[in-house]
Amino acid sequence: MSTPDADGMLAEQLLRLTRRLQRVQKRQMEPIGITPAQARLLRTVAFYDQPPRMADLAERLEVVPRAVTSLVDGLEASGWVRRAPDPTNRRVVRIELTDSGRATLRALRGARRAAAEDILAPLTADQRDVFGGLLSTLVDGGAHRHC
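Worth saying up front: this structure is predicted, and the values here are computed from it rather than measured. (Residues numbered from 1 in each chain as written. Predicted model: local features only at pLDDT ≥ 70, side-chain atom pairs only at ≥ 80, totals over all residues. Heavy atoms only, no water.)

Side note on the overall build of the protein chain
Alright, step 1. Scanning the protein chain from N- to C-terminus turns up 6 helices and 2 strands.
Alright, step 2. When the elements of the protein chain are put in sequence order from the N terminus, they spell out α-α-α-α-β-β-α-α.
Alright, step 3. For the protein chain, the C-alpha radius of gyration of 19 Å lies well beyond 15 Å, the compact-globule estimate for 147 residues.
Alright, step 4. Referenced to the eigenvectors of the C-alpha coordinate spread, the extents of the protein chain come out at roughly 65 × 40 × 30 Å. (Helix = DSSP H or I, 4+ residues; strand = E, 2+ residues; numbered from the N terminus. Rg over C-alpha atoms; globule rule 2.2 N^0.38 Å.)

Things to note about the nonpolar core
Alright, step 1. Residues Ile34, Leu41, Leu42 and Val68 are the most contacted members of the largest nonpolar core, which totals 20 residues.
Alright, step 2. Mapped by element, the contributors of at least two residues to this core are helix 2 (36-47), helix 3 (54-61), helix 4 (65-77), strand 2 (93-97) and helix 5 (99-120).
Alright, step 3. When sequence neighbours within four positions are dropped, the list of residues in contact with Val68 reads Leu41, Met54, Leu57, Ala58, Leu61 and Val63. (Core = buried A, V, L, I, M, F, W, Y, C linked by side-chain atoms within 4.5 Å. Buried < 20%, exposed > 50% of the residue type's maximum accessible area, 1.4 Å probe, protein only. Contact = heavy atoms within 4.5 Å.)

Concerning the pattern of salt bridges
Alright, step 1. Considering all chains together, one arrives at 8 salt bridges under this definition.
Alright, step 2. The salt bridge involving Arg82 is made with Glu96; its shortest N-O contact spans 2.9 Å. Placement of Arg82 in strand 1 (residues 81-85) and of Glu96 in strand 2 is noted, with a sequence separation of 14 residues between them.
Alright, step 3. With relative accessibility at 39%, the residue Arg82 sits in the partly exposed group.
Alright, step 4. By relative accessible area, which is 25% here, Glu96 ends up partly exposed.
Alright, step 5. Here Asp99 makes a salt bridge to Arg102, at a shortest N to O gap of 3.0 Å. Of this pair, Asp99 and Arg102 both sit in helix 5, 3 residues apart, which is roughly one turn of that helix.
Alright, step 6. By relative accessible area, Asp99 is classed as exposed at 59%.
Alright, step 7. It is possible to trace a salt-bridge network through shared partners that takes in Asp73, Glu76 and Arg83. (Salt bridge = Lys/Arg side-chain N within 4 Å of Asp/Glu carboxyl O.)

As for the side chain of Thr98
Alright, step 1. Following the sequence through the fold, Thr98 ends up in the loop between strand 2 and helix 5.
Alright, step 2. Judged by relative accessible area, which is 10%, Thr98 ranks as buried.
Alright, step 3. Those residues in contact with Thr98, other than ones at most four positions away along the chain, are Gly79, Trp80, Val81 and Arg82.

Points about a nonpolar patch on the surface
Alright, step 1. Side chains of Leu14, Leu135 and Leu138 sit close together on the surface and give an oily, nonpolar patch of about 250 Å² of accessible area.
Alright, step 2. Examined against the element boundaries, Leu135 turns out to sit in helix 6 (residues 125-145). (Patch = residues over 30% accessible without salt bridge, like charges linked within 9 Å, V, L, I, M, F, W, Y side chains within 5 Å. Areas by Shrake-Rupley, 256 points an atom, 1.4 Å probe, with all protein chains shown as cover.)

Quick look at the packing of helix 2 against helix 5
Alright, step 1. Close contact between helix 2 and helix 5 brings their axes to 10 Å; oriented N to C, the two are set at 115°. The crossing of helix 2 and helix 5 is left-handed. Side by side, helix 2 and helix 5 meet where Ala39, Leu42, Arg43 and Ala46 of the first sit next to Gly101, Thr104, Leu105, Leu108 and Arg112 of the second.
Alright, step 2. A class-by-class count of the residues in the contact of helix 2 with helix 5 yields 5 nonpolar, 2 polar and 2 charged. (Axes fitted to C-alpha atoms, helices over the stretch in contact; angles between N-to-C directions. Left-handed = near helix turned anticlockwise from the far one by under 90°. Nonpolar A, V, L, I, M, F, W, Y, C, P; charged D, E, K, R; others polar.)

Focus on the environment of Pro36
Alright, step 1. On the secondary structure map, Pro36 appears in helix 2.
Alright, step 2. Relative accessible area serves as the criterion here: at 41%, Pro36 is assigned to the partly exposed category.
Alright, step 3. Along the sequence, Pro36 and Val130 sit 94 residues apart, while their C-alpha atoms lie 28 Å from each other.
Alright, step 4. If we ignore the near neighbours within four places in the chain, the residues touching Pro36 are Lys26 and Met29.

Right, here's the structure in full:
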């Protein structure tokens, strides 16, 4: 009789947890009227000190520029971002958050907190601390291995 592949089982559990978190977050975002991809782009725009260029967003998100264009189109139609000319290069377009976009970001943070609370509810505060430390080690450790 063979023994279970412990690392494989851990990987499967992480995938299942990730899918569950995505489902819960998606449910929390539905009332806001935003898709997960749009939410990620909106958070990415907010990450920058100055309004980013489309190319900056594509690079940061590791997607092709055309994907960013489609997402920006949707965010702009909802009034959450606007395209603005670069003050120093008229060929460059910058993506700015609107006041409505900032309000949507606040709502998204609340939705993410609610989703995390739902997922982490079975854990004690100490278990959450340990879990957070383990996840940080995995996330940070993986970046160093590939350098």
